[in-house]
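Here are the chains, one letter per residue:
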Amino acid sequence: MENREISKAVITRLPRYYRYLGELLESGVERISSNELSTRMKVTASQIRQDLNNFGGFGQQGYGYNVKYLYTEIGKILGIDRQHNLIIIGAGNLGQAIANYANFEKRGFIIKGMFDINPRLIGLVVRGIEIRGVDDLEQFIKDNDVQMAALTIPKTKAPEIADRLVNAGIKAIWNFAHVDLNVPDDVVVENVHLSESLMRLSYRVCSMQDRKKEEERKARGES
Ligand code: NAI
């Protein structure tokens with residue numbers, strides 16, 4: 001497949017297509033039209049066609065999409081047909097929750113190790129993954145061909161650790177610490193902030209309630 005630039009907005013939507021297609025595959029569906037996919041995903045059929053046409057040759061008029069092919073191709077675009085070796089820095093609540101989630105491995109994300117500074121945690125094993133002291137960080141990254149790191153440490157500690165990770169050759173940081181990281185251009189950062197997601201949810205529920213109140217007021221004839 002040709003390797004052309006795909007817009008960020010499309011990339012953001014791909015994991016959702018991937019999930020739906022995976023479910024279709026599991027239930028034995030071999031092909032699907034953009035209209036059917038549209039009904040299931042609650043996205044317009046034209047959006048689906050536009051998104052998937054980015055990759056060319058997936059859909060055929062009157063035939064629909066070949067689910068397995070599309071699933072495999074989207075997997076390749078997302079890079080989850082390859083193995084990514086990952087470490088977790090910060091083996092507290094969040095770090096351990098991530099380590100305990102077995103499904104990341106199914107997607108090719110292999111958690112090689114966890115790191116912490118708390119001596120009470122060092123040496124413990126979470127789902128077969130040992131917690132190590134941060135002194136070993138650089139050597140471990142080299143020895144285990146680690147590419148990605150999840151940062152689940154307090155924000156005050158994150159910039160210093162991020163610098164160490166980058167100097168040790170880490171190319172991708174999954175950042176849960178509430179701080180924006182400065183990294184060189186050849187390193188990518190994906191910020192995950194549950195509280196920001198919650199605030200968006202709060203905004204949506206509040207504006208919905210306000211709209212409803214406004215409609216009720218109008219219905220009562222109040223201005
Ligand atoms: P926690 O206190 O249970 O775990 C933090 C761990 O980091 C501790 O075990 C601590 O010893 C370790 N640590 C501290 N400095 C370190 C360093 N320099 N190197 C290695 N390990 C170090 O906290 P929790 O609940 O796991 O949260 C972790 C961080 O993630 C917090 O800063 C919190 O604000 C943030 N957080 C972010 C969320 C998000 O959606 N982005 C959601 C929940 C928490």
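A brief look at the structure comes next. (Residues numbered from 1 in each chain as written. Predicted model: local features only at pLDDT ≥ 70, side-chain atom pairs only at ≥ 80, totals over all residues. Heavy atoms only, no water.)

1. A look at the site of the ligand
Of all residues adjacent to the ligand, which total 20 residues, the nearest are Leu-94, Asp-116, Phe-176, Val-192 and Leu-194. Here Phe-176 contributes a backbone N or O atom positioned 2.8 Å from a nitrogen atom of the ligand. Backbone polar atom of Val-192 to a nitrogen atom of the ligand: 2.6 Å apart, as the coordinates give it. If the ligand stood free it would expose 850 Å²; the protein chains cover 75% of that surface. (Near = heavy atom within 4 Å. Polar contact = N/O pair within 3.5 Å; in protein donor to acceptor, adjacent residues only side chain to side chain. Areas by Shrake-Rupley, 256 points an atom, 1.4 Å probe, with all protein chains shown as cover.)

2. As for the packing of helix 1 (residues 8–26) against helix 3 (residues 45–53)
Between helix 1 and helix 3, the shortest axis-to-axis distance is 11 Å and the interhelical angle comes to 105°. Classified by the angle between their axes, helix 1 and helix 3 sit roughly perpendicular to one another. Between helix 1 and helix 3, the residues in contact are Val-10, Arg-13 and Tyr-17 and Gln-47, Ile-48, Asp-51 and Leu-52, respectively. Considered class by class, the residues forming the contact of helix 1 with helix 3 number four nonpolar, one polar and two charged. (Axes fitted to C-alpha atoms, helices over the stretch in contact; angles between N-to-C directions. Helix = DSSP H or I, 4+ residues; strand = E, 2+ residues; numbered from the N terminus. Parallel < 35°, antiparallel > 145°, perpendicular 65-115°, else oblique. Contact = heavy atoms within 4.5 Å. Nonpolar A, V, L, I, M, F, W, Y, C, P; charged D, E, K, R; others polar.)

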